[in-house]
2 protein chains.
Amino acid sequence: MAREEVKAIQKVPEPTLRRLPWYLAIIKLLQGKGEAVVSSTQIAKEINVDASQVAKDLSYVNVAGKTRVGYEVNELADELNDFLGFTAPHKAFLFGVGSLGAALLQDSGLRQYGLNIVAGFDVKPELDGTSINGIPVYHLRDFAKRQKEIGATIGVITVPVDKAQEVADYIIAGGIKGLWNFTPFRIRVPEDIVVQNTSMYAHLAVMFNRLNSINL
Amino acid sequence: MAREEVKAIQKVPEPTLRRLPWYLAIIKLLQGKGEAVVSSTQIAKEINVDASQVAKDLSYVNVAGKTRVGYEVNELADELNDFLGFTAPHKAFLFGVGSLGAALLQDSGLRQYGLNIVAGFDVKPELDGTSINGIPVYHLRDFAKRQKEIGATIGVITVPVDKAQEVADYIIAGGIKGLWNFTPFRIRVPEDIVVQNTSMYAHLAVMFNRLNSINL
């Protein structure tokens, strides 16, 4: 028991948290094939990570592997899903219903990973009162009211880059605790606020550059 | 001249390539405000990066700062845009027109960053011949034919995770050089193929975990 408590308090390193969904993807594939057990060596082989790294990463999750046998596939899949927060719905608002914002509202897949976007907000009057994929869109000035009714913890930021900081400050003041930032702007936040940056354009920049190097 | 040639051949580190779009975002903001010059110290302050790091990152770009003055905003914006590949259109196909794939076809913003998705592919017969946001969707079996006509270099992978490797192998054999992988599967590729992983669910996992730690 004492050991589990220590685990719960221990901060999981970000690289571990980023690798665990890869393992989950592999484990789900094995589950689909009807496999009963999986070893860390097997997972490691599938994705070019050290087996010791896989075992270490999985040690954060509350599931015991058996020596020379491995993990039970079903148990590991369930525990990983729980551990990663994919089974608990997290209420989110999306800010900026432009091209990317509207696209993310369309993506019902996020819900399967625990992100439940329950409303979109924008400053364009013509969007107020519309809905996308069944998700209502409101004017940004109604955020505080909706936040009182709904109590979202996460804000998805898809506003234009020059509005990113302003909107972030506004919604943090209104009780949003976590920002999923899709703009290329580095948003400054108080210490108790979580930010995750998904820089799609930065990924594109890396890919374009690497493609050019190949063609040299 | 000799120095520039060395620069062109030099491999730009991935962290640099990921930070440069942040600087570009700041520079565009300054441009919008009518600023004429910007120093690396100014950029550094805006986004909490060391000024020496900013100067070093910008040294890869073909633009000269003046000591104690800084960079010309317009020139730096143009050069950075070029350097990052955002001004040259890169033809791309998207594979897997499900929820996320369809959403990405909707996102016209990608085109402004040099990614020109010209067709989508799926195995669902009912999608063949349809279009999303003006982009045609074809059956996957027509990929080779369309590839001959169009010659795309990039494949955006939004297929189900258990199809990621299979589809990647198929399109690489057909001439695709760069994969933008949105699945949580680590795709294995030959050495001369570029892969960029955008693991939206991994980012969610990190955010959920950090939000839980705050609430402890």
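This one's a predicted model, so the numbers in the text were calculated from it and none came from an experiment.

Caption draft 1: Representation of the sheet that holds strand S9 (residues 194–197) of chain B within the structure. Residue and element names in this part refer to chain B. Pairing is mixed in the open sheet, where 7 strands are placed in the order S5-S6-S4-S3-S7-S8-S9. The open sheet has two edge strands with one neighbour each: strand S5 (131–132) and S9. Bridge count for strand S4 (residues 115–122) against strand S6 (residues 135–139) is 3 bridges, and the pairing is parallel. By the bridge assignment, phenylalanine 121 is partnered in S6 with tyrosine 138. Along the sheet face, helix H8 (residues 143–150) touches strand S3 (90–95), S4 and S6 and points at about 170° away from the line of S3. Each of S3, strand S7 (154–157) and strand S8 (178–181) touches helix H9 (residues 164–173); the most contacted strand, S8, lies at about 155° to it.

Caption draft 2: Representation of the packing of aromatic side chains in the model. What the rule picks out here adds up to 22 aromatic pairs over all chains. Ring centres of B:Phe95 and B:Phe143 lie 5.6 Å apart, and the angle between their planes is 75°; this geometry places the pair in the edge-to-face category. Here B:Phe95, found in strand S3, pairs with B:Phe143, found in helix H8; they are 48 residues apart in sequence, far enough to count as distant. Both residues of the pair, B:Phe95 and B:Phe143, belong to the buried class. Cluster of aromatic residues (ring-pair linked, three or more members): A:Phe93, A:Phe95, A:Phe121, A:Tyr138, A:Phe143 and A:Tyr170.

Caption draft 3: Molecular detail of the relation of the copies chain A and chain B. Note on the identical chains: chain A maps onto chain B by a rotation of 180° and an axial translation of 0.0 Å, with an RMSD of 0.0 Å. Look at the turn and shift together and you get a two-fold axis relating the two. Taking C-alpha positions as the reference, the residue of chain A nearest the rotation axis is A:Ala103, at 2.2 Å. When the interface residues of chain A are mapped onto chain B, 100% of them are again interface residues, pointing to one common binding face.

Cut-off values and rules
- Residues numbered from 1 in each chain as written.
- Chains lettered and ligands numbered in written order.
- Predicted model: local features only at pLDDT ≥ 70, side-chain atom pairs only at ≥ 80, totals over all residues.
- Heavy atoms only, no water.
- Pairing = 2+ DSSP bridges.
- Helix = DSSP H or I, 4+ residues; strand = E, 2+ residues; numbered from the N terminus.
- Contact = heavy atoms within 4.5 Å.
- Axes fitted to C-alpha atoms, helices over the stretch in contact; angles between N-to-C directions.
- Phe/Tyr/Trp six-rings, centres within 6.5 Å; stacked < 30°, edge-to-face > 60°.
- Buried < 20%, exposed > 50% of the residue type's maximum accessible area, 1.4 Å probe, protein only.
- Least-squares fit on C-alpha atoms with pLDDT ≥ 70 in both.

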